[in-house]
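Per-entry structural report
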Amino acid sequence: MLPSPSSPSSYDSLSSNFTPALYSSGNAFTSFTPMGKVTGAPICRGFSRKIKDRSTLKVTCLRAQERVIEEEASPMTETRQSFKVSSGEISHLGVSQIEKGINFALFSQNATSVKLCLSLPSSDVNDDDGMIELVLDPSVNKTGDTWHICVEDLPLGNVLYGYRVDGPGEWNQGHRFDSSIVLLDPYAKLVKGRSFFGDSSQKFAQFYGTYDFESSPFNWGDDYEFPNIPEKDLVIYEMNVRAFTADESSGMDPSIRGSYLGVIEKIPHLLDLGINAVELLPVFEFDELELQRRPNPRDHMINTWGYSTVNFFAPMSRYASGEGDPIKASKEFKEMVKALHSAGIEVILDVVYNHTNEADDKYPYTTSFRGIDNKIYYMLDPNNQLLNFSGCGNTLNCNHPVVMDLILDSLRHWVTEYHVDGFRFDLASVLCRETDGSPLSAPPLIRAIAKDSVLSRCKIIAEPWDCGGLYLVGKFPNWDRWAEWNGMYRDDVRRFIKGDSGMKGSFATRVSGSSDLYEVNQRKPYHSINFIIAHDGFTLRDLVTYNFKHNEANGEGGNDGCNDNHSWNCGFEGETGDSHIKSLRARQMKNFHLALMISQGTPMMLMGDEYGHTRYGNNNSYGHDTALNNFQWKELDAKKQSHFRFFSEVIKFRHSHHVLKHENFLSKGEITWHEDNWDNPESKFLAFTLHDGVSGRDIYLAFNSHDYFVKALIPLPPHGKQWFRVADTNLESPDDFVKEGVAGVAETYNVAPFSSILLESK
């Protein structure tokens, strides 16, 4: 805890002389009148209001311990605003309501001056020039490295605020102060930006903090409960809030397309599919028009993925229905979480604590952290230039104590205020770096997240790599809590299913839980987040349609995006009318999905793969607010009885069979490998049985990645049982999956080329 503010007695020697000032602004005169001395906390020593010509009028009231700042318009307007200021408190960073009024607190270790900038509801401010500015006196309004002030008669809502911060100007010392910019409070719980998503006419819109202390608390309901789904039972659906319903084919009113409320409308689809957790691409306030600030090859694009955080506490305001509004966004986000929870679906947030939107030193975009204390918030090299382990120009200084507290406070806020169930940490290896960028074996932030009592009920998932080469799959510091996106699962399963040589052993290891990576200490199979497809990279349909990325639409000459996709176009690059190729592609998509859903661990699939969404070979589609990313609901309708049906039935089969989701790693008696050809790199057939020691409902699986039929010898079923064919990806719908099973399985089964089967003993 920092020490309390200095006592009033320390100001007794200051002069009490004061001359009221008056200035003209248009037709109105504004006077600043100090009140007589009263007891109380010390106050800030200066006040200024910006005039249109950017000159300022500063009025200093020395020795006053409390004062009233009064704005009086001309007699014609008969409007009057007045409020008192006092030194404020440091107990909570950001804005808080205290007994005396509205408290503002900002951390900056290296700043030499701070001004609080306010726009009142009646101000109708369109730029920074019309904001009221309060100068914070470091001898009164600063405790330790925290600047603070309490404004007493402010409205309880609809006030916009920010800060002007100044300090040392030496870039070679790591500072990036610029007092001409009004900066966003890092702890702002609500953020006001542009009104409509992707509105290029507002590309230079300012981001301001705001607050709401007048609305009633959100009503979660008397019978509200968290789903509290065990990790081993999760089936995760990675999705983008906007892209899920933005397309006209969603059938929604335009005012709710692409919004939190739009997600609520489509919950029946999620239930029909069978998933029980959504992993939302970033929903923190971000600037979707960051690519359009200056002429560049990507200035035609809109950042729809959201991996460019402006603020870590505020929900994306333009995901609200209708016109973007921070208070409405907060309420509707809670409504979305409540509705998903009511449907038994957990909410996991994809969070980006590795970098911010503020870019690099070549093309800086100062909106908050950079201008408040660059040297604290970002990693710097020995020459005090920004380090870039994120690939986005800057790297958040995550293990600095101040930044670590910011991240923990943010996470707790989303859990307590918004009731989210977990987090997936983008480029989480950045969070494992020291302040100088060197890797840490026991990162303080990673440990703090794992041990935090508020976060104890949450799923915590790492993307265990970064753009600096720190690849930690299977080695991520975990304290037996952290799960990981298993990139090795993705690569090995892709390679086996498409028929690469020498992959059978690796495929067997991956579908049985990746014990080579996770059977350490108290880690479990479910700490492996198994995925074949994610938001970045090919969609499932494109994985079987393209050998090469086709990213020309991104404006970088095809140089962006990953080149190593382990994809196979099944004989033709791109869309084709060839029925044989189309049939093979459909079969391969089913093979991938079946492999994912029968694997030990936690499966994750991508939005749109349930109907075969295509991005036409673009494997880095972050900048397209179009059908390239948007869910196509008419396509879903067309595939409802075929592709979608298979995907849904396989997910539901997983839910109802505990042998597919073991709590612990498989023992010798729980799995039998029907294999004596492990060392042959040209063997591309794998069969095994998962034994149900409780009910005797064993499951036999075979995957054939050869381009010819394989006659598989089917093992004897448990005593008193017989085998039923549940799935055969070579068959057409509805025969490709029959949940009750088809009897009559013989001693051998002809497994077709590039196909897989699932048998169940009953």
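Residues numbered from 1 in each chain as written. Predicted model: local features only at pLDDT ≥ 70, side-chain atom pairs only at ≥ 80, totals over all residues. Heavy atoms only, no water.

Defined as follows: UniProt positions are given in the numbering used here, feature names are shortened, and annotations may be inferred rather than shown by experiment.
Within an unreviewed UniProt entry, the label attached to the chain reads isoamylase, and the organism entered is Eutrema salsugineum. Comment text from UniProt for the chain, heading Catalytic activity (unreviewed entry), reads "Hydrolysis of (1->6)-alpha-D-glucosidic branch linkages in glycogen, amylopectin and their beta-limit dextrins." According to UniProt, the comment filed for the chain under the heading Subcellular location (unreviewed entry) is "Plastid, Chloroplast".

1. Regarding the sheet that holds strand S21 (residues 483-485)
Just so we agree on the cut-off: Two strands qualify as a pair provided DSSP detects at least 2 bridges between them. Counting from the N terminus, the helices are DSSP H or I runs at least four residues long and the strands are E runs at least two residues long. Note on method: axes are straight lines fitted to C-alpha atoms, helices fitted across the in-contact stretch only, with angles between N-to-C directions ranging 0 to 180 degrees.
If you walk around this closed barrel you meet the 8 strands as S16-S17-S18-S19-S20-S21-S22-S23, and the pairing is parallel. Averaged over all pairs of adjacent strands, the angle between strand axes in this sheet comes to 25°, irrespective of strand direction. As judged from the 4 bridges shared by strand S18 (residues 346-351) and strand S19 (residues 422-425), these two strands associate in the parallel manner. When the bridges of S19 are listed, Ile348 appears paired with Gly422.

2. Focus: the sheet that holds strand S26 (residues 699-704)
Where we set the bar: Residue contacts are defined here by distance: any two heavy atoms, one from each residue, within 4.5 Å place the two residues in contact.
In spatial order, the strands read S24-S25-S26-S31-S28-S29; together these 6 strands make up an open sheet with antiparallel pairing. Two strands bound the open sheet, and with one partner strand each, they are strand S24 (671-673) and strand S29 (737-742). Neighbouring strand axes in the sheet, compared pairwise and without regard to direction, differ in orientation by 15° on average. Of the strand pairs in this sheet, strand S28 (residues 723-728) and strand S31 (residues 755-761) are connected by 5 bridges, and their pairing is antiparallel. What sits directly across from Phe724, in S31, is Glu760. Where helix H9 (residues 504-511) meets the sheet, its contacts fall on S24, strand S25 (685-690) and S26, and the angle it forms with S25 comes to roughly 25°.

3. A few points about helix H8 (residues 487-497)
An α-helical turn contains 3.6 residues, so any two residues separated by three or four positions project in the same direction. Our working definition: Only protein chains enter the accessibility calculation, which uses a 1.4 Å probe; a residue whose area is less than 20% of its type maximum is buried, one above 50% is exposed, and one in between is partly exposed. Whenever a nitrogen or oxygen atom comes within 3.5 Å of another N or O atom, the pair is scored as a polar contact, on the condition that within protein one atom can donate a hydrogen and the other can accept it, and that pairs from neighbouring residues in sequence are kept only if both atoms are in side chains.
The set of residues buried in H8 consists of Gly487, Tyr489, Asp492, Val493, Arg494, Phe496 and Ile497. For H8, the N-terminal cap is Asn486; the gap from its side-chain oxygen to the backbone nitrogen of Met488 is 3.1 Å. The first or second residue beyond H8 is Gly499, which carries a positive phi of 100°.

4. Brief notes about the environment of Ser583
Structurally, the position occupied by Ser583 is in helix H12 (residues 579-598). In the structure, Ser583 is positioned 149 residues away from Glu732 in sequence and 9.4 Å away in space, judged by C-alpha atoms.

5. Considering the nonpolar core
Rules: For our purposes a nonpolar core is just a set of buried Ala, Val, Leu, Ile, Met, Phe, Trp, Tyr and Cys residues, chained together by side-chain atoms within 4.5 Å.
Within the largest apolar cluster, 165 residues are counted, with the highest numbers of intra-cluster contacts made by Phe104, Tyr237, Leu349, Phe423 and Phe425. At 9 residues, H12 tops the list of elements feeding residues into this core. When neighbours within four sequence positions are excluded, Phe425 is seen to be in contact with Val351, Tyr353, Leu411, Leu431, Ile449, Ile460, Ile461, Ala462, Glu463 and Trp482.

6. Quick word on unusual backbone geometry
Between Ser733 and Pro734 the backbone carries a cis peptide bond, its omega angle lying at 10°. Within the secondary structure, Pro734 is located in the loop between S28 and S29. Even without glycine at this site, Asn158 takes up a positive phi of about 65°. Considering the arrangement of structural elements, one finds Asn158 in the loop between strand S12 (146-151) and strand S13 (160-166). In this model, Trp479 sits at a positive phi of 50°, which is unusual for a non-glycine residue. By secondary structure assignment, the location of Trp479 is in the loop between strand S20 (459-462) and S21.

7. As for the packing of aromatic side chains
Any two aromatic rings considered together are summarised by their centre-to-centre distance and by the angle between their planes. Quick reminder of the rule: Note on ring pairs: Phe, Tyr and Trp rings are taken, using the six-membered ring of Trp, and paired if centres are within 6.5 Å. Classes follow the plane angle, with under 30 degrees stacked, over 60 edge-to-face and the rest tilted. Consider the ring centre and the ring normal. A charge sits over the ring if Lys NZ or Arg CZ is within 6 Å of that centre and within 35 degrees of that normal.
Counted by the stated rule, this structure contains 45 aromatic pairs. Taking 6.5 Å as the distance between ring centres and 80° as the angle between the ring planes, the aromatic pair formed by Trp305 and Tyr307 counts as edge-to-face. Relative accessible area serves as the criterion here: at 7%, Trp305 is assigned to the buried category. The buried category is assigned to Tyr307, whose relative accessible area is 12%. A centroid spacing of 5.1 Å and a plane angle of 40° characterise the contact between Trp568 and Phe754, whose relative ring orientation is tilted. Of this pair, Trp568 sits in the loop between helix H11 (540-543) and H12 while Phe754 is found in the loop between strand S30 (748-751) and S31, placing the two residues 186 residues apart along the sequence. By relative accessible area, which is 10% here, Phe754 ends up buried. A cation sits over an aromatic face here: Arg424 above Trp485, 3.9 Å from the ring centre. Taking NZ or CZ as reference, Lys590 lies 5.5 Å from the ring centre of Phe646, over its face.

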